[in-house]
Each structure stands twice: as C-alpha cells, then as structure tokens.
Amino acid sequence: MRLNARSIGPSGQAAGASAGAILTVAGLRKNFGRTEVLKGLDLTVIERELVFIIGPSSSGKSTLLRCINRLEEPSGGSVHFDGVEVTAPGTDLNALRRSMGMVFQSFNLYPHMTALGNVTLALRHVLKRSRAEAEAMGRSALADVDLSDKAASYPHELSGGQQQRVAIARALALDPEVMLFDEPTSALDPELVGSVLAVLRGLKARGMTMLVVSHELRFAREAADRIVFIDQGRIVEEGPPSAILNAPRNSRTRAFVAELMR
Amino acid sequence: MTAWQHFVETFCNPQIFAQYWASIARGMLVTVEIAAAVVVTGLGLGVALAGLRAYGLGLVNAPIVIFVDLLRAMPPLAAVLLAYFGLPSIGISLSSFAVLWLVLALVLAAFAEEIVWAGITSTPRGQWEAARSTGLGFSQTLALVVLPQAIRLGVPPLTSRTIAITKNTALGTVIGVGEILNQATAAQSFSGNATPLMMGAVAYLVLFIPVVALGRFIETRFRWRRA
C-alpha cells in the first residue's frame, strides 16, 4: 500500500522528525490577495492517525486541507508527504494526489457519469487500468461504502449521503495513503450524516490516516486521535478529544466548543 | 382560368415537376453533402477552440476571441462573397463548394466556440477540483469531465445554431454551388415557371424537418438533472 516516495519527488528529503510521521506541515502560509488566511501553521500527522480539525468559519481549515494537496498554492512554508516535498516546484502533483484522497463538502460527483463511472474514471485514466479491471476495483470500492446496488445510478438519482459515499469510494479506489475530508457531512440532511460517519469509522478501523475538517464533535470524541482547533489562520490548541472537548485551556477554544456543544 | 387554377399552373405544374425533379434531387444531394461537412467540421473546430481557450494562454486566446467575434458579427452572405471573390486575388482559388463549406464551417465554429466556452465557464469549480484531486491532469479533466458537461449544457443553443447555419447552404446559390436553391432558380428561369421554387421549398422541408426533429430528440436525450 505504501507509495514509493522516491519516484515522485525531485529531492526526496526526509520528512518531519517525528517517528511514523506521514504528513508534515511547517510554517504554512496562504494569502488571498491581502487577506492572510493561514499565518504559519505547523502540523504533523502520524500514520493511521485520525486528526480532527475544528474552528470557526473562514478560520483556514479548508484552506489548510487544500494547500496540503495543492489545490491551493501555498504562499509560504512547506508540506512534506511520505518523504516527498509537496511544495517543491518540480513535484509531480498528479502522482502525489493519487495517494491523497480528497472528499468535498459538495460531493462534486461528475453528473454525466454513473456512480461506477465516477469511481473508475481515475482508475482508467490515471492508473491506466483496463476497463474490466477498473470496474472490478470500482465495484469493490462501492461495496466498501455499502453502495453495491447503486453502481449504475447517476448522481441525481442518489441521496446526499449516497452521493458523498460515492465520492469517498472514488477517492478510496485509488488506494490512497491519507484521506482529506473537507466538511464531508455539512451539506447533508441530519438523518443522512450517520451513513457517512459510518464509512469514516470503518476507514479508521482499517488504519487509514485521515484529516477531517468537521463540526461533528460527537464523532470526534468517539473516533479522533487528536483534535486541532484553528482560529484566524493559526493552530490555537490541539490535543486528545477528551482534553479539547472537556477541558480546553484556551478561551477561544472553550467558547467555540461550548457553542458547538449547545 | 380561375385564381386557383392559375396558382396550380404557376407553382405546382406537374409537367414542370416531371421535367426538373432530377435536378432538384441533385441539389438536395449537394445540400446534404455541404451541410454534413459544415456540421462535422464546424462543431469539431468550435469545441476544439473552446477547449484550447480553457488553457488560458493569452497569445492563443486573443486570436480566438477576435476570430469568433468577427465571424459572429459578419453576415454569412458577405463572408461567402468576400471569400469567393477575394481569396483568388491573394492566390488561393477554391471551388465554390469549398468556399461555401469553409465559410459556413468557420461561422458555425465561431458560434459553437462561444456556446461551449460558456458551458466550460459555468461548469462548477468543484468539478475541476474533484478530478484534479484524483490525479487527473488538466487536459484529462478538460476532456473527460468538463467538456462533456459543457457540451451538454450547450446542446439547445448548439442545435438551433447548427440548424440555422446549415440552412445557409442556400447562400451557395450566389456563387454557383449546385445546391437546392441554385437548381431551383436555374430551373425557374429555364422554364419561366415558379414550380421549381416550390419544389425547392419542399425539398428544404423534406431535408430539414427531420433535422429539426433530430435536434429536439438530442435536446431531450442529453438533458440531465443536476445533482
């Protein structure tokens, strides 16, 4: 499952110092025009860890995820992933993104393709698998999110929860090293949230490394290894769920958690 | 002679019909040939230009925009005449068939480019991001994810524009392309009777009613609800 790091990066520098660190973000900054969204952010993620990222709206949570796979171009700082400097100029981003799955708030399924078509597109055109092989892998990915019977359905025929699970299957089919979830349940009706969280729980059990931006604190308490609270482009506080949710030290964390728990 | 008899005599004369149906049929064949060539090349070029424009290269996009605006603003008849009489003076001599095909294909390409480009710009950014985040490159995303949606979005205006421009094959008559209208007006002047014009009009209907119906079918077929 581990990707051969040497084949991707131009330099192959060692990643962060921590043992088992798969992802290291150092001094990450991002400006949109004059607005500083990320103001020097450091984060290290260990293999198999589920890191939950919380924070007020426009605190930089989504921008952080989007800088990690360079959907947004960071303005400064560095990201290392699996021994490769993501932020280096010559990095093969397409190769890198294969091993970093991303799931969006608005699902972003391709509306002109079936669920299976959505899941197999990158298998066929990035991993260059044959149609038969891609479809077998795609069906297995759909089975993993409990949607075997929806392979032939188009996105508009699926509920929000089902669409989001197809989007997760689309990312998982590529056998990524880490999964980035950007508010995966925020666009869902409350009764559909559970089905998506169940998939995340399953991934956690299988040892997937995950970064999850979400407001589902109950899920965080149960499944997260660590919660990171971001406000105004900086990490304000981080720690195990019990510490952050029960006894936050920073007043901003306390106020935010109290507001969400109401 | 009653008015009705006079009308039939002038516009629906069986003898004239028998005499000229073959040349009208030849005209239909020519019209079909040009129309088919125009549709294939015009739509193909239009989609290609819109796709090229998506790369956002200033040096490429400026000529595309100028080309598109010029051909959308110019009356096709003026373009046909200009090309037919102007090109030989710069050493390019094309058959009248080729001139008509070229001009109409370029006009259709200009409109198709604008329609498909509008579709590309209205494809949500999330579609690009989802595709790129799975490792698809820019060109792959454009070809596999964005263009199919942009084209579907453009199907209603594309079909009506395609029909409008293929009907402009009738402009070939001014430069002597032997299409329907050309055959009909020639037959009219030989016979001194308007029946060939009526035959020409019917010939257009016979050809284009199925095209209009096909356009409607395509519009229904490619309409899909957004999730």
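Residues numbered from 1 in each chain as written. Chains lettered and ligands numbered in written order. Predicted model: local features only at pLDDT ≥ 70, side-chain atom pairs only at ≥ 80, totals over all residues.

1. Examining the overall build of chain A
Step number 1: A count of helical and extended segments in chain A gives nine helices and ten strands.
Step number 2: Taken over the C-alpha trace, chain A has a radius of gyration of 18 Å; the compact-globule value for 262 residues is 18 Å, and the two agree within 12%.
Step number 3: Based on the C-alpha atoms only, the size of chain A along its principal axes is roughly 55 × 45 × 35 Å.
Step number 4: The buried share among the 262 residues of chain A stands at 48%.
Step number 5: Contacts spanning at least 24 positions in sequence make up 65% of the contacts within chain A whose residues lie at least 6 apart. (Helix = DSSP H or I, 4+ residues; strand = E, 2+ residues; numbered from the N terminus. Rg over C-alpha atoms; globule rule 2.2 N^0.38 Å. Buried ≥ 20, exposed ≤ 12 C-beta atoms within 10 Å, placed from the backbone. Contact = placed C-beta atoms within 7 Å.)

2. Overview of the overall build of chain B
Step number 1: Broken down by element type, chain B carries ten helices and zero strands.
Step number 2: Listed N to C, the secondary structure of chain B is α-α-α-α-α-α-α-α-α-α in terms of helices and strands.
Step number 3: A compact globule built from 227 residues would reach a C-alpha radius of gyration of about 17 Å, whereas chain B, at 22 Å, exceeds it by more than 25%.
Step number 4: Seen along its three principal axes, the alpha-carbon backbone of chain B occupies a region of about 80 × 45 × 25 Å.
Step number 5: Evaluated residue by residue, chain B yields a buried proportion of 35% over its 227 residues.
Step number 6: Long-range pairs, those at least 24 residues apart, make up 79% of the contacts in chain B between residues at least 6 apart in sequence.

3. Focus: the packing of helix 3 (residues 115-125) of chain A against helix 4 (residues 131-144) of chain A
Residue and element names in this part refer to chain A.
Step number 1: At a closest axis distance of 8 Å, the pairing of helix 3 and helix 4 adopts a crossing angle of 125 degrees. On the basis of their axis angle, the class for helix 3 and helix 4 is oblique. Seen along the crossing, helix 3 lies across helix 4 with a hand that is right-handed. Taking contact as the criterion, the partners of A115, L116, V119, T120, L123 and R124 in helix 3 are, on helix 4, R131, A134, E135, M137, G138, R139, A141 and L142. (Axes fitted to C-alpha atoms, helices over the stretch in contact; angles between N-to-C directions. Parallel < 35°, antiparallel > 145°, perpendicular 65-115°, else oblique. Left-handed = near helix turned anticlockwise from the far one by under 90°.)

4. A look at the interface of chain A and chain B
Step number 1: If you look at the interface, chain A gives 25 residues, while chain B gives 20 residues.
Step number 2: Within the residue set of the side of chain A that touches chain B, elements represented by two or more residues are helix 2 (93-98), helix 3 and helix 5 (160-172) of chain A.
Step number 3: No other element matches the four residues that helix 2 of chain A contributes to the side of chain A that touches chain B.
Step number 4: For the side of chain A that touches chain B, the residue count by class is 14 nonpolar, eight polar and three charged. (Nonpolar A, V, L, I, M, F, W, Y, C, P; charged D, E, K, R; others polar.)

5. Description of the environment of T253 of chain A
Residue and element names in this part refer to chain A.
Step number 1: By the element assignment, T253 lies in helix 9 (residues 251-261).
Step number 2: Through-space distance from the C-alpha of T253 to that of G161 is 30 Å; in sequence the pair is 92 residues apart.
Step number 3: Sequence-distant contacts of T253, defined by excluding residues within four places in its chain, comprise F229, V236, E237, I244 and P248.

6. Details of the sheet that holds strand 8 (residues 209-213) of chain A
Residues and elements named next belong to chain A.
Step number 1: Strand order across the open sheet formed by six strands is 6-7-8-3-9-10, with mixed pairing between neighbours. Strands at the two margins of the open sheet, each flanked by one partner only, are strand 6 (100-103) and strand 10 (234-239). Strand-to-strand twist across the sheet, computed as the mean angle between neighbouring axes with direction ignored, equals 20 degrees.
Step number 2: Pairing analysis gives four bridges linking strand 3 (residues 50-54) to strand 9 (residues 226-231), with the strands arranged parallel. Considered in strand 9, the bridge of F52 is made with I227.
Step number 3: In this fold helix 5 packs onto strand 6 and strand 7 (178-182), with an angle of close to 170 degrees to the strand it touches most, strand 6. (Pairing = 2+ DSSP bridges.)

7. Some points on the pairing of strand 6 of chain A
Residues and elements named next belong to chain A.
Step number 1: Neither face of strand 6 is left uncovered, since the one carrying M100 and M102 and the one carrying G101 and V103 both have all their residues buried.
Step number 2: Pairing analysis gives four bridges linking strand 6 to strand 7, with the strands arranged parallel. Within the sheet, the bridge partner assigned to G101 lies in strand 7 and is M179.

8. A few points about the confidence of the model for chain B
Residue and element names in this part refer to chain B.
Step number 1: Taken over all residues, the pLDDT of chain B has a mean of 92, while the share at 70 or more is 98%.
Step number 2: By mean pLDDT, helix 1 (residues 3-11) is the weakest element of chain B at 89, and helix 6 (residues 125-133) is the strongest at 97.
Step number 3: Among the scores for the predicted complex, ipTM is 0.89 and pTM is 0.87. (pLDDT = per-residue confidence, 0-100.)

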